[in-house]
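# Chain and residue survey
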Amino acid sequence: MLNEHAAHGSAAAGQARGGGAITRDEVAHLARLSRLALREDELDHLATQLDDIISAVARVQEVAAEDIPPTSHALPLTNVFRADEVRPSLTPDQALSGAPAADEQRFKVPRILDEEA
Amino acid sequence: MSAELIKKTAAELAGLISSGEASAVEVAQAHLDRIAAVEDSVKAFTHIDPEAALAQARTVDERRAAGETLGPLAGVPIAHKDVFTTTDMPTTASSKILEGWRPPYDATVTRRLREAGLVILGKTNMDEFAMGSSTENSAFGPTHNPWDLNKIPGGSSGGSSAAVAAYEAPLATGTDTGGSIRQPAAVTGLVGMKPTYGGSSRYGLIAFASSLDTPGPLARTVLDAALLHEAFSGHDPMDSTSIDQPVPPVVEAARRGEVGGLRIGVVKEFGGEGYQPGVLARFHEAVELLESLGAKVVEVSCPHFTYALPAYYLIAPSECSSNLARFDGMRYGLRVGDDQTRSAEEVMALTRAEGFGPEVKRRIMLGTYALSSGYYDAYYGKAQQVRTLIARDFDAAFEQVDVLVSPTTPTTAFPIGERADDPMAMYLADLCTIPSNLAGNAAISVPCGLADEDSLPVGLQIMAPVLADDRVYRVGAAVERALQDRWGGPLLAKAPEL
């Protein structure tokens, strides 16, 4: 998904932006990447709003952050492991209790093959 | 008796129940009666289960009668934010995509409420998936501020704030990702606490932005907030980001409540243009009050705090776009358009378009944009660097002072509808609360009076370093006591009758 979008949007990458930050075509593309089947009027409305928001949040680019390490998380964390032992877990019935469709203790989903055809 | 019980604090109710002056069933019934009387106008809850609440209360009474020693809040009713999973009640995060969902397991916070003998009255309304500052983004309709039913109760924990401010419950749970406990508390005249990140468990909390989401208490007094904080916090092996250390002594600090000799820093960057004059007036009075109580007050500059809002609105949507990928109509929740001809991917896109509201769609799209490879460095990467600088601003400030203070919000509660389709205006409500989410430190909002313009509540925010949660309770309790002396009672007593 990342590469798909990179090919689409890399021309504008890294530019300082302010107004006209995002085109309607890009918004339609983002909707597809986000698995959101949006109506045309939703796309129109979102295009304007996302443009406003992106122009505003682009202020982070004003900050002199050369050589500043990124923080992904507020706490210094190390990986947490537990003993690899069998413990009680959800039963199949519990795990499937919210499934829109189930069959023979499995989630039943629409076809997933031949999507790219 | 019933009408008197609902005005009691959680600590008072716990005392009445443990001494046998009131039963847990009586206390639960009093609150259920109040809910029946005012819920039509407040709309704080997404789900209420009177029978289940009374059954929980009966269990507490029976255990007490059998001579068991129960926790300090046993029998006290609570309103539970609908973002925590509950096996015996629907869990929706106020989203159509989860309407009617019954989770197969309890959140750790839920489990600890049950173990503490708290009586869960129901689930409270919220902005969908905790995204918002007004509770207008709920698929089930807005919640109304008990101070003025035409105003927002804050968000995203707006059902929780409204329930407690309307005396439907003495306590409520909330979650705070960018201010979603403190801002609703501020605009309804309550105490709302965001614990240190990792101090309260995220297991079974429906994820919005995992590096920021923090469960915390809402209450009418500082002591009540501390009692609830202590009841559900602490290390949880089910949450890999949970801190494996004892809960700071928050209850003791809330009982102590003094500031003599404490160094208090006023954040220079928060105030001035864009702030409601009545908010600033009450804030400055609170600072003067702290000084009169023996604190040493200085102004402190945190230069990168002005970039916290834009950084947050890149980081939180990025995490949300990833977290909400799980709502795909395959394993649980809504499924739309499965007509045996469409592919799974088409069904996912139709389900998500139908199941998510406008704000959730905006944030998923924004996060997808910020994380895409062509923009990653300029947006998400840069926002993460700003996050580092904000944490450094806090570190530098806490070398000079013990706590920082600011207004909790730039304005009092605004009218329902006013900012509903203006996302940037809505986002400004979190201006002062976001830095503590990005840095993970403890922060509380306590009531500091009513704004002159609109007679609506104003919140004072008190921030302390990571794991110094007790310190904000200590300062909050001192402010509360001094202000209640001045007002002749709690601020909430000034609210109009519903």
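For the structure itself, look to the data block above.
Treat the numbers as computed from the prediction; the structure is a model and nothing was measured.

The rules behind these values
- In this convention, every chain numbers its residues from 1, walking through the sequence in written order.
- Chain letters start at A and ligand numbers start at 1, both assigned in the order the entries are written.
- The predicted origin of the model limits local features to residues at a pLDDT of at least 70 and limits the giving and counting of side-chain atom pairs to 80 or more, whereas totals for whole chains, interfaces and linings rest on all residues.
- Note that the side-chain values use all heavy atoms of the structure and ignore hydrogens as well as water.
- Numbered from the N terminus, helices here are DSSP runs of H or I no shorter than four residues, and strands are runs of E no shorter than two.
- Any residue under 20% of the maximum accessible area for its type is buried, any over 50% is exposed, and the rest in between are partly exposed; the area is computed with a 1.4 Å probe on protein chains only.
- For this analysis, residues touch if any pair of their heavy atoms sits within 4.5 Å.
- Methods summary: accessible areas were calculated by the Shrake-Rupley approach with a probe of 1.4 Å, and residue burial reflects only the protein chains presented.
- Put simply, buried area is how much 1.4 Å-probe accessible surface two parts lose in total, over both of them, once they are put together.
- Any Lys or Arg side-chain nitrogen found within 4 Å of a carboxyl oxygen on Asp or Glu counts as a salt bridge.
- In protein, a polar contact requires one atom able to donate a hydrogen and another able to accept it; more generally it is a pair of N or O atoms within 3.5 Å, and residues adjacent in sequence count only if both atoms are side-chain atoms.
- We call Asp, Glu, Lys and Arg charged. Ala, Val, Leu, Ile, Met, Phe, Trp, Tyr, Cys and Pro are nonpolar, and the rest, Gly among them, are polar.
- Note on geometry: axes are lines fitted to C-alpha atoms, helical ones only across the stretch in contact, with angles between N-to-C directions running from 0 to 180 degrees.
- Convention used here: angles under 35 degrees read as roughly parallel, angles over 145 as roughly antiparallel, angles from 65 to 115 as roughly perpendicular, and any remaining angle as oblique.

Attention shifts here to the overall build of chain A. When its secondary structure is counted, chain A shows four helices and two strands. From first element to last, N terminus to C terminus, chain A shows the α and β order α-α-α-α-β-β. Buried positions account for 32% of the 117 residues belonging to chain A. Of the contacts made within chain A by residues no fewer than 6 positions apart, 46% connect residues no fewer than 24 positions apart. For chain A, the computed accessible surface area is about 7800 Å², with 51% contributed by carbon and sulfur atoms.

Let us now look at the interface of chain B and chain A. Quite often, the size of an interface is put as the accessible area lost when its parts meet. At the interface, 68 residues of chain B touch 61 residues of chain A. Together, M365(B), Y369(B) and Y375(B) form the three largest contributors to the area buried by chain B at its contact with chain A, with a combined 12%. If you look at where chain B meets chain A, you find two salt bridges. Across the salt bridge formed by K361(B) and E42(A), the nearest N and O atoms sit 2.7 Å from each other. Taken together, chain B and chain A are joined by 25 residue pairs in polar contact (both at pLDDT 80 or more). At the level of secondary structure, the elements contributing two or more residues to the side of chain B that touches chain A comprise α11 (308-323), α12 (344-355), α13 (358-371), α14 (377-400), α15 (423-427) and α16 (434-439) of chain B. Top contributing element to the side of chain B that touches chain A by residue count: α14(B), with eleven residues. Residues of the side of chain B that touches chain A, tallied by class, amount to 35 nonpolar, 18 polar and 15 charged.

All names here are of chain B. Their axes nearest at 9 Å, the elements helix α8 (residues 222-232) and helix α17 (residues 469-487) cross at an angle of 155°. Taken as axis vectors, α8 and α17 run roughly antiparallel relative to one another. Residues V222, A225, A226 and H229 of α8 touch α17, and the partners they reach there are D469, Y473, G476, A477 and E480. Here the contact of α8 with α17 is built from residues that sort into five nonpolar, two polar and two charged.

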